[in-house]
Amino acid sequence: MKKIFLPFLYLILSITLGCSCIREDVAGNSPADNFELLWKIIDEQYCFLEYKHQEYGLDWNKIHAEYAQRIAPGMSSAQLFEVLSEMVNELHDGHVNLSSAWGTSQYREWFDKYPRNFSDSIQSNYLGKDYIITSGITYQILENNIGYIYCESFSNGIGDGNLDLALNTLAVCDGIIIDVRNNGGGDLTTAQKLASRFTNQKIKVGYMSHKKGPGHNDFSQPKPVYIEPSKGIRWQKKAVVLTNRRSYSSTNDFVNSMRQMPNVTILGDKTGGGSGLPFSSELPNGWVIRFSASPMFDTEMNQLEFGINPAIKVDMKQEDMNQGKDTLIEEACLFLKKK
């Protein structure tokens, strides 16, 4: 029994713990093979190479030459993952993630250089104890009769019935705040559903294109994107959308849509960008690369990738925070109270 059991145990341990080296005996799975394929996938399918070349001088061929020198036949999986992660981070894109069995790369500098402009502990001073949480949104009527909705994520669907109830409850308010700070995105359809509550007519909010060939400029003709008015309760008074640098991905698109709506004003900090719809591909070693393949534009055909500036720029003030106040909420209330 021991002779049978021990080899079996070694096999189980090797599968569980994994091997620290790349299996070069598997055809097409050497460090060089994985590096070359990853570089090629980005080169042919990533949608912002030419735009980022214009914006900050990204040269993807130069990146290949620099990082190829760091690839060695005997390097471990961890070493290869580090090199490939650093390479894709040259794209300056939070939507580009390399995932392995033990971790996922992420480009964080898109928000690290900006103030946070949000505190959940201070936010609780405004929500009080009797706020309502339903279907992905939290809402409350503030003491100054301003409605407040916090949407933390678009990953969970928001029901039409829940939106009807929320907007009906807040109908007595003088105005409404939609807070999407720290909303990292999620389902674009959910974001559009919320935006549809702020227009009474079909409205063009931008354009979308798709990668259709290996060239850096091989895109389909941009098609307009519209928001149809909801068949449910729609908001008719003034509204303010609060943003910070961590308003990202589909939240970035939500902010772009909302700034096209009548009676809506964007207040806070520049959004995080990340506008392209994500696409995934797999490397020979099983790692998965996720990246943007469908660029989105505003109504003037400007790229949304690097974020959207607010109509009213406001940062959190330390003196307000010391008093338990949220500068952005306070400024939004003042704006909504003006005749």
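Above this text is the structure in question.
Below you will find a few notes about this structure. Quick caveat: nothing in here was measured; it's all calculated off a predicted structure.

**As for the sheet that holds strand β8 (residues 239-243)**
And step 1. Taken together, the seven strands give an open sheet; going across it, the order is β2-β3-β4-β5-β8-β9-β13, and neighbouring strands pair in mixed fashion. One side of each edge strand has no neighbouring strand; the edge strands of this open sheet are β2 (132-134) and β13 (312-313).
And step 2. Looking at chain direction, strand β3 (residues 137-141) and strand β4 (residues 146-151) are connected through five bridges and run antiparallel. Along β4, the bridge assignment pairs Ile137 with Cys151.

**Points about the side chain of Thr190**
And step 1. Secondary-structure assignment places Thr190 in helix α9 (residues 188-195).
And step 2. Using a relative accessible area of 5% as the deciding quantity, one classes Thr190 as buried.
And step 3. Those residues within four positions of Thr190 in sequence are excluded, and the remaining contacts are Phe154, Asn156, Gly157 and Ile158.

**Overview of the environment of Phe118**
And step 1. Along the chain, Phe118 turns up in the loop between α6 (109-112) and α7 (120-127).
And step 2. Separated by 131 residues in the primary sequence, Phe118 and Ser249 have C-alpha atoms spaced 18 Å apart.
And step 3. If we skip the residues at most four places from it in the chain, Phe118 touches Gln123, Tyr150, Asp179, Arg181, Asn182, Asn244 and Met316.

**Description of the side chain of Arg197**
And step 1. If you trace the backbone, Arg197 turns up in the loop between α9 and β6 (203-208).
And step 2. We classify Arg197 as buried; its relative accessible area is 1%.
And step 3. Contacts of Arg197, omitting those with residues within four sequence positions, involve Asp160, Leu163, Asp164, Leu167, Ser230, Gly232, Ile233, Arg234 and Trp235.

**Section: the pattern of salt bridges**
Side chains that carry opposite charge are capable of pairing whenever their charged atoms lie near each other.
And step 1. Tallying each qualifying case throughout the model produces 13 salt bridges.
And step 2. Residue Lys313 pairs with Asp315 through a salt bridge whose shortest N-O separation is 2.8 Å.
And step 3. What you see here is one network of salt bridges that share partners, running through Lys52, Asp93 and Glu305.

**So, the nonpolar core**
And step 1. In this structure, Ile176, Ile178, Phe198, Val241, Phe254, Met258 and Met261 are the most contacted members of the largest nonpolar core, which totals 36 residues.
And step 2. Examining the composition of this core, we find that four residues originate from one element, α9, more than from any other.
And step 3. Not counting residues within four places of it along the chain, the set of residues in contact with Met258 comprises Ile178, Ala195, Phe198, Val241, Val264 and Ile266.
And step 4. Cys47, Tyr67, Leu80 and Trp287 belong to the second-largest nonpolar core, a separate cluster that totals 30 residues.

About the criteria used
Residues numbered from 1 in each chain as written. Predicted model: local features only at pLDDT ≥ 70, side-chain atom pairs only at ≥ 80, totals over all residues. Heavy atoms only, no water. Pairing = 2+ DSSP bridges. Helix = DSSP H or I, 4+ residues; strand = E, 2+ residues; numbered from the N terminus. Buried < 20%, exposed > 50% of the residue type's maximum accessible area, 1.4 Å probe, protein only. Contact = heavy atoms within 4.5 Å. Salt bridge = Lys/Arg side-chain N within 4 Å of Asp/Glu carboxyl O. Core = buried A, V, L, I, M, F, W, Y, C linked by side-chain atoms within 4.5 Å.

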